[in-house]
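This is what each chain is made of:
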Amino acid sequence: MTVSIPPDNTGAPHAPVSASAAGPAYGETVRTPDTVPRDVRLRARHVDVFYGDKQALFDVSLDIPEKAVTSLIGPSGCGKTTFLRCVNRMNDTIEDCRVTGEITLDGQNIYDPSLDVVELRSRVGMVFQKPNPFPKSVYENVAYGPRIHGLARSRAELEDIVVASLRRAGLWEEVKDRLREPGTGLSGGQQQRLCIARAIAVSPEVILMDEPCSALDPIATAVIEELIDELRLLYTIIIVTHSMQQAARVSQRTAFFHLGRLVEEGPTEVILRHPQAKKTQDYITGRIG
Amino acid sequence: MADIAVDIAELANRRRLCVRASLSRRHLIERLFRAGGLTAIVIALGLVATLFGMMASKGAPAFMQATLSLDVTFDPAVITVAPPPARAAGQSEADYRAAMLVWQRQVTLANWSAIVETAVRNAAPPGFEIDRRGALALVETNERHRLRDMFVADPGLLGQTVRVDMLASANTDNWLKGTINRALPDSRQQLSRQTRTLADTLLAEGKIRFAFAWHLFTNTDSRSAPAAAGLAGAFVGSLYMMLIVIALAVPIGVASAIYLEEFAPRHRVTDLIEVNINNLAAVPSIVFGLLGAAVFIRYFGLPMSAPVVGGLVLTLMTLPTIIIATRSALRAVPLSLRQAALAVGASPTQTVFHHVLPVTFPAILTSAIIGVAQALGETAPLLLIGMNAFVASIPATPFDQSSALPAQIYLWQGNENRNFFEARTSAAIMVLLGLMITLNALAIFLRTRLERRV
Ligand SMILES: Nc1ncnc2c1ncn2[C@@H]1O[C@H](COP(=O)(O)OP(=O)(O)OP(=O)(O)O)[C@@H](O)[C@H]1O
Ligand SMILES: [Mg+2]
């Protein structure tokens, strides 16, 4: 079941759509629509996630606009990673993890049995919280995705893709002389950028980034943020971050999670400057976290 | 706030005192544990060294065997056969071969014992009295056949005298090496007094020496000529079985482990399979022998004593070991590696073959080699499928009758001529252990090499 968000007809800019106004379909989330409407290709509806008996997400409904960056914020353990993993069905790999509800990409439910999860993951790339390069060479790490999908028509083209991806991830200068060395031998921050290069090498439509900069120094962080800004023009990006400044710098929309619930979502400046929900205000001002 | 700060300061003080007080005790425990571990290793190494040392000291003499250098005369008075048939013009190949066989049979019928006897007499000091049996007892019986073969290969030897190295009989070897008590009275000696004296004399004259026993590796087992018995048949039998185990147990075991670990859904049936594989690993090997006899020989009608049956039985026995080792190697691969591959769109099979298997390959290889080495040394199941039978030929195919190295050791261990075969058995054990060590060293070498690469 796909439910579209009703038009914002209260008139006031950034007026919150309260739970009562939106009806039960929206849970208790406080929503502020965009002033400029954006296309939405990725929608989550009533998503519940359970790890065994423990519920980690409660009735999360969220629209992810296209060609924009949505950041997920919230205290540790609130379910940001869990939500992210639902989008490329990485939760499938976790034993005892159960997802109910609906997530649609271009109108198709990604949990539909007829959907091919391999294709889904080629469309939805992911950068993990902890860098996890393959124990292969730097080159192989980036070339792997394009190769298994047959993206490059020639060796030279594959090399171009690898070089371009490494450049965009801001890693090229550091690894151009050590492409044959194992990716696991890089520093933590370099490994994370290698993982970003690996993810963008297959040109996914949606990119999920789980705290991509948590292991990076400010310069590398700036490179990644620039990259995100560049990628935004083409892709749909969801980024988990613990840094309010980063959310402000890179994202257009922000969703605030707390204890497994989506408390509030809306344009980034609204969430960070004029949050409507009490919990969001507390978090932004540092009272919970 | 204030009293918390006080608590922390107090705690820090207490920590300082407590740590200092407990340090010596902790270091003591540390030292004790290390000393214990070192002792355990020293004991284990000592035991292994003792075992190897004992085997080597007992088996080493078997590698050097008493060998006579005799002047053998192919006496035309004894070898009274016509010259070999020449191939007549127009004679068919088959006819010629038939005529040749008739001639060879005549050669065989010649009194080769007399030739050997004369050769021994000629070697003895002038005027030395020895009867025919006594002279023949010095030389291993197979040497007569060797002389015959020499003559068949080269009929031109007729009337010539050539020097031939011949194996001394097992009893002579025992006497000269002192493996039989030289003080025993005549009645309890295997050789007559004359033969013993002659053996000692020839050794002193250098006509008997101890030469390296190459035949231990090139000959098959032999009852009639124990001194000439070798391991070749058993070795080839073991080799066939090893190849069968490698060809069947390794791929089947690794494939099942991959399926069970990576693809099989977790439910009651797979749980049951898992439990049963673990049970199978604990089944005594002799039971596998019974199973092999019942299934492969009785039901499928495969031949007794054949390496193919042995190989199949050992495959069954090795499978659980390989499956369990491979599964635990696969389980050790972190989820993050699989997720990394899946996240770029690799299918589960691609993930396994491109990422999981390469990192587990060294461990899988090691477990496979160790499993095969274990199978190579397994004896009990072989006894039940008749591989302890006496077989005097090298098996040409895995379907021929054959023995195997461990079964051969078992056979020799039970041989009546204890004095001679004790050293023989140890020598065979050395060969088997050598093979095992080679395999294990190969496993270690490959693992370190592959792990360094990546
Ligand atoms: N594999 C798992 N098995 C069981 N419980 C899990 C698992 N992964 C996450 N959880 C639980 O689900 C809840 C949400 O976890 P999640 O990793 O999504 O948090 P997060 O918002 O990403 O936190 P952080 O900011 O620390 O990364 C937590 O309570 C966590 O304990
Ligand atoms: Mg997280």
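Quick notes on the rules
- Residues numbered from 1 in each chain as written.
- Chains lettered and ligands numbered in written order.
- Predicted model: local features only at pLDDT ≥ 70, side-chain atom pairs only at ≥ 80, totals over all residues.
- Heavy atoms only, no water.
- Helix = DSSP H or I, 4+ residues; strand = E, 2+ residues; numbered from the N terminus.
- Rg over C-alpha atoms; globule rule 2.2 N^0.38 Å.
- Buried < 20%, exposed > 50% of the residue type's maximum accessible area, 1.4 Å probe, protein only.
- Contact = heavy atoms within 4.5 Å.
- Lys, Arg positive; Asp, Glu negative; His and termini not counted.
- Charge placed at Lys NZ, Arg CZ, Asp CG, Glu CD.
- Donors = N, O, S within 2.8 Å, 3.2 Å for Na, K, Ca; no water.
- UniProt positions renumbered as here; feature names shortened; annotations may be inferred.
- Core = buried A, V, L, I, M, F, W, Y, C linked by side-chain atoms within 4.5 Å.
- Domains from an automatic or database assignment.
- Near = heavy atom within 4 Å.
- Polar contact = N/O pair within 3.5 Å; in protein donor to acceptor, adjacent residues only side chain to side chain.
- Areas by Shrake-Rupley, 256 points an atom, 1.4 Å probe, with all protein chains shown as cover.
- Salt bridge = Lys/Arg side-chain N within 4 Å of Asp/Glu carboxyl O.
- Buried area = accessible area lost by both parts, 1.4 Å probe.
- Nonpolar A, V, L, I, M, F, W, Y, C, P; charged D, E, K, R; others polar.
- Phe/Tyr/Trp six-rings, centres within 6.5 Å; stacked < 30°, edge-to-face > 60°.
- Lys NZ or Arg CZ within 6 Å of the ring centre and 35° of its normal.

Our focus in this paragraph is the overall build of chain B. On a plain count of helices and strands, chain B comes out with 17 helices and three strands. In terms of overall size, chain B is more extended than a compact globule, its C-alpha atoms giving a radius of gyration of 32 Å where 454 residues would be expected to give roughly 22 Å. Viewed in the frame of its principal axes, chain B has a C-alpha envelope of about 120 × 65 × 40 Å. Here chain B holds 454 residues, and the buried ones make up 41% of them. Within chain B, contacts between residues separated by at least 24 positions form 75% of all contacts whose residues are at least 6 apart in sequence. If the 39 positive side-chain charges of chain B are averaged to one point and the 30 negative ones to another, these points end up 8 Å apart.

What follows is about the coordination of the magnesium ion (ligand 2). Residue and element names in this part refer to chain A. Donor atoms from the polypeptide that coordinate the magnesium ion (ligand 2) comprise Thr81 (OG1) and Gln129 (OE1), at 1.8 to 2.5 Å from the metal. Separated by 48 residues along the polypeptide, Thr81 in helix H2 (residues 80–87) and Gln129 in the loop between strand S7 (124–127) and helix H4 (138–149) bring together distant segments of the chain. Judged by relative accessible area, which is 35%, Gln129 ranks as partly exposed.

All names here are of chain A. Its identity as a non-glycine residue notwithstanding, Asp106 has a phi of 55°, on the positive side. For Asp106, a relative accessible area of 40% corresponds to the partly exposed category. Despite not being glycine, Glu211 has its phi angle at roughly 45°, a positive value. When you line up the elements, Glu211 lands in the loop between strand S8 (206–210) and helix H8 (218–232).

This part is about the UniProt feature "domain: ABC transporter" (unreviewed entry) in chain A. The feature "domain: ABC transporter" (unreviewed entry), as given by UniProt, occupies residues 42–284 of chain A in the numbering adopted here. Structurally, residues 42–284 of chain A is divided into 38% helix and 27% strand, and its ends, taken at the C-alpha atoms, are 26 Å apart.

Moving on, we get to the nonpolar core. One recurring pattern in soluble globular proteins is that nonpolar side chains are buried together. Counting 65 residues, the largest nonpolar core has Phe134 of chain A together with Val309, Leu314, Leu382, Ile385 and Trp412 of chain B as the members making the most contacts within it. Counting only elements with at least two residues in this core, the list comes to helix H1 (2–63), helix H9 (232–263), helix H11 (285–299), helix H12 (307–331), helix H13 (335–343), helix H14 (348–377), helix H16 (405–413) and helix H17 (418–452) of chain B. Taken together, domain 2 (62–220) and domain 3 (232–453) of chain B each give at least three residues to this core, which thus spans both. In contact with Leu382 of chain B, other than residues within four places in its own chain, are Met241, Gly310, Leu314, Met387, Asn388, Ala404 and Pro406 of chain B. Counting residues in hydrophobic clusters, the runner-up holds 38 residues, among them Ile115, Ala119, Val139 and Ala199 of chain B.

What follows concerns the site of ligand 1. Residues and elements named next belong to chain A. In the region of ligand 1, 15 residues are neighbours, and Ser76, Lys80, Thr81, Thr82 and His242 sit closest. At 3.0 Å, a backbone N or O of Gly79 approaches an oxygen atom of ligand 1. At 2.8 Å from an oxygen atom of ligand 1 is found a side-chain nitrogen or oxygen belonging to Lys80. In isolation ligand 1 exposes 630 Å². Once the protein is present, 67% of that is buried. Elements represented by at least two residues in the shell around ligand 1 include exactly strand S3 (54–65) and H2. The greatest single-element share of the shell around ligand 1, amounting to four residues, is contributed by H2.

Pairs can form between side chains of opposite charge whenever their charged atoms are close. A complete count under the given rule lists 41 salt bridges over all chains for this structure. For the salt bridge of Glu173 of chain A with Lys176 of chain A, the shortest nitrogen-to-oxygen distance reads 2.9 Å. For Glu173 of chain A, a relative accessible area of 55% corresponds to the exposed category. With a closest N to O distance of 3.7 Å, Arg97 of chain B and Glu93 of chain B form a salt bridge. One end of the pair, Arg97 of chain B, and the other, Glu93 of chain B, are both in helix H2 (residues 93–109), four residues apart, so they sit about a helical turn from each other. Exposure remark for Glu93 of chain B: the relative accessible area of 38% places this residue in the partly exposed category. The structure contains a network of salt bridges with shared partners spanning Arg31, Asp34, Arg38, Arg253 and Glu265 of chain A.

Let's shift gears to H4 of chain A. Those residues of H4 of chain A that fall on the buried side of the exposure criterion are Val138, Tyr139, Asn141, Val142, Ala143, Tyr144, Gly145 and Pro146 of chain A. Buried-residue contacts for H4 of chain A involve helix H5 (155–168), helix H6 (172–175) and helix H7 (188–200) of chain A together with H14 of chain B. Positive backbone phi, at 70°, marks Gly150 of chain A, one or two positions downstream of H4 of chain A.

Between chain A and chain B, the residue contacts involve 22 residues of the former and 19 residues of the latter. Both faces combined, the contact of chain A with chain B buries some 1,700 Å², and carbon together with sulfur accounts for 65% of it. Taken together, the links from chain A to chain B amount to zero salt bridges. Where chain A touches chain B, the interface holds six residue pairs in polar contact (both at pLDDT 80 or more). Counting residues per element, the ones that place at least two in the side of chain A that touches chain B are helix H3 (117–123), S7 and H4 of chain A. The element that contributes the greatest number of residues to the side of chain A that touches chain B is H4 of chain A, accounting for four residues. Looking at the side of chain A that touches chain B residue by residue, the classes come out as eleven nonpolar, seven polar and four charged.

The subject of this paragraph is the packing of aromatic side chains. All names here are of chain B. Enumeration according to the criterion identifies 15 aromatic pairs over all chains in this entry. Ring centres 4.7 Å apart and planes at 65° place the aromatic pair Phe212 and Trp214 in the edge-to-face group. Above the face of the Trp175 ring, Arg196 is positioned so that its terminal group lies 5.1 Å from the ring centre. Over the face of the ring belonging to Trp412 we find Arg424, whose NZ or CZ atom lies 5.7 Å from the ring centre.

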